[in-house]
Amino acid sequence: MSSTDTALQFQCGQAAMIGILSLPAAAATRGVLIVVGGPQYRAGSHRQFTLLARELAAAGTAAMRFDYRGMGDSEGDVRSFDDVEDDLSAAVDAFFNAVPTLQSVVLWGLCDGACAALFYAPGDVRISGLVLLNPWMHTDAGAARTRLRHYYLERLMDRAFWHKLFSGQFDLIAAVRSLGQTLSQTWTKAHVTTPGPLAQVPIPVSSISVPTVSADAAISGELLPERMRQGFRDFQGKILLITSGRDLTAKQFLDAVANSREWRKLIRLPHVTRHNLAEADHTFSRRQWRDQVAAWTVQWAASIKPENLPKN
């Protein structure tokens, strides 16, 4: 089935926003709205969002990707992922107006885009599902524990590490200093941060991608994990959770889930589908990883029927 890309301009308050529709040849009843994560625009890392939208449209599902206010080609001031509910509402409105045959929309988000989708979805009955990829459930202490468990301990079993150490290519003093900082952070009070400019571009550390973060911004009034848990608990539609095996953001989320009885119950609910790509990094940067994510999304989106819509 063929598809067509069309530019779309719509308003959010006084700001003009820009989106791109990818439409199937036949009238679509299902739609997927791609929610950008990090300070990024609608194409996505490695053009993932562009390619995903076209895959969905080719399979008969309408797709839309857009720039938040202050990003890409949209007007307005830059805002954080916990302050985009108006942007999402405007984008959902524009999607339904542009595709009158739509019956419901799925929100698809990577990293803090997954958080933004979780925050928004329970309050909009038009949202039938969520696709959450490597959700950004970050606290400083949690990140330090995850780094200690999945980075430092894994390096001890890495032959390349020992080769560098004994050949003099390894900066042992800097490594010890870094380890000390990590241990210190594991005992500090949790502090919620937002992904920094490189959060969507994984930095390889050994074999694990580590998004960088800004230590300045915090969600006021609430800790991020609790707000995410509330969104997951309150949303009544279907959820697809996709994680990467070589990404510390995903590992921190899964560690937090494993240590919480309520989270363990939530992700085992019958409306939750889980997939893990063992070798993938944070942004699914290789073609085979990107294609697998697209295939899972297309198949899962096709399973959402009108009778399965949430009764919010």
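The coordinates are above.
The structure displayed is predicted, hence computed values, not measured ones.

1. Re the packing of aromatic side chains
Aromatic ring pairs: the centre-centre distance and the angle between the two ring planes describe each pair. Within this structure, the stated rule accounts for six aromatic pairs. On the basis of an interplanar angle of 80° and a centroid distance of 5.5 Å, the ring pair of Phe253 and Trp263 is categorised as edge-to-face. Residue Phe253 is found in helix H8 (residues 248–258), and its partner Trp263 is found in helix H9 (residues 261–267); the two are separated by ten residues along the sequence. Each member of the pair, Phe253 as well as Trp263, carries the same accessibility label: buried. The structure contains a cluster of three or more aromatic residues connected by ring pairs, namely Phe10, Phe66 and Tyr68. For Arg227, the ring lying beneath its charged end belongs to Phe119, and the centroid distance is 4.0 Å.

2. Regarding the packing of helix H2 (residues 85–98) against helix H3 (residues 112–120)
It is the contact of H2 with H3, at a shortest axis distance of 10 Å, that shows an interaxial angle of 75°. Relative to H3, H2 is oriented roughly perpendicular. In this structure, H2 contributes Glu85, Leu88, Ser89 and Val92 to the contact, and H3 contributes Ala116, Phe119 and Tyr120. Taken together, the residues of the contact of H2 with H3 sort by class into five nonpolar, one polar and one charged.

3. A few points about unusual backbone geometry
In this structure, His46 is a non-glycine residue whose phi angle is positive, near 60°. You will see that Cys111, though not glycine, has its phi angle at about 60°, which is positive. Structurally, the position occupied by Cys111 is in the loop between strand S5 (104–110) and H3. A relative accessible area of 0% means that Cys111 is categorised as buried.

4. Remarks on the pairing of strand S2 (residues 15–24)
Counting buried residues in S2 gives nine out of ten residues, a clear majority hidden from the surface. Inspection of the sheet shows strand S1 (residues 3–12) paired to S2 by ten bridges, in the antiparallel sense. Considered in S2, the bridge of Phe10 is made with Met17. A loop of two residues connects S1 with S2, the two strands running antiparallel in sequence, and Gly13 in this loop sits at a positive phi of about 65°. Alignment of S2 against strand S4 (residues 62–66), held across four bridges, turns out to be antiparallel.

About the thresholds
- Position numbers for residues count from 1 along each chain, tracking the sequence in the order it is written.
- Local features in this predicted model are restricted to residues whose pLDDT is 70 or higher, and side-chain atom pairs enter the listing and the counts only when it is 80 or higher, whereas totals over whole chains, interfaces and linings include all residues.
- By convention in this description, side-chain values take in all heavy atoms of the structure and omit both hydrogens and water.
- Working definition: a ring pair exists when centres of Phe, Tyr or Trp rings (six-membered ring for Trp) sit within 6.5 Å. Plane angles under 30 degrees give stacked, over 60 give edge-to-face, the rest tilted.
- Working definition: helices are DSSP H or I runs of at least four residues, strands are E runs of at least two. Numbering for both runs from the N terminus.
- A simple rule labels every residue: compare its accessible area, found with a 1.4 Å probe on the protein chains alone, to the largest value its type can have, and call it buried under 20%, exposed over 50%, or partly exposed in between.
- Ring-over charges, as used throughout, are those where CZ of Arg or NZ of Lys falls within 6 Å of the ring centre and within 35 degrees of the ring normal.
- Under this scheme, a helix contributes an axis fitted over its contacting stretch, all axes are lines through C-alpha atoms, and angles between N-to-C directions fall in the 0 to 180 degree range.
- Roughly parallel here means an angle under 35 degrees, roughly antiparallel means over 145, roughly perpendicular means 65 to 115, and every remaining angle is called oblique.
- We call two residues contacting when some pair of their heavy atoms lies within 4.5 Å.
- In this classification, the charged set is Asp, Glu, Lys and Arg, the nonpolar set is Ala, Val, Leu, Ile, Met, Phe, Trp, Tyr, Cys and Pro, and all remaining amino acids, among them Gly, are polar.
- Paired strands, as defined in this entry, are two strands with at least two bridges between them according to DSSP.

The values are spatial; any link to function lies outside them.
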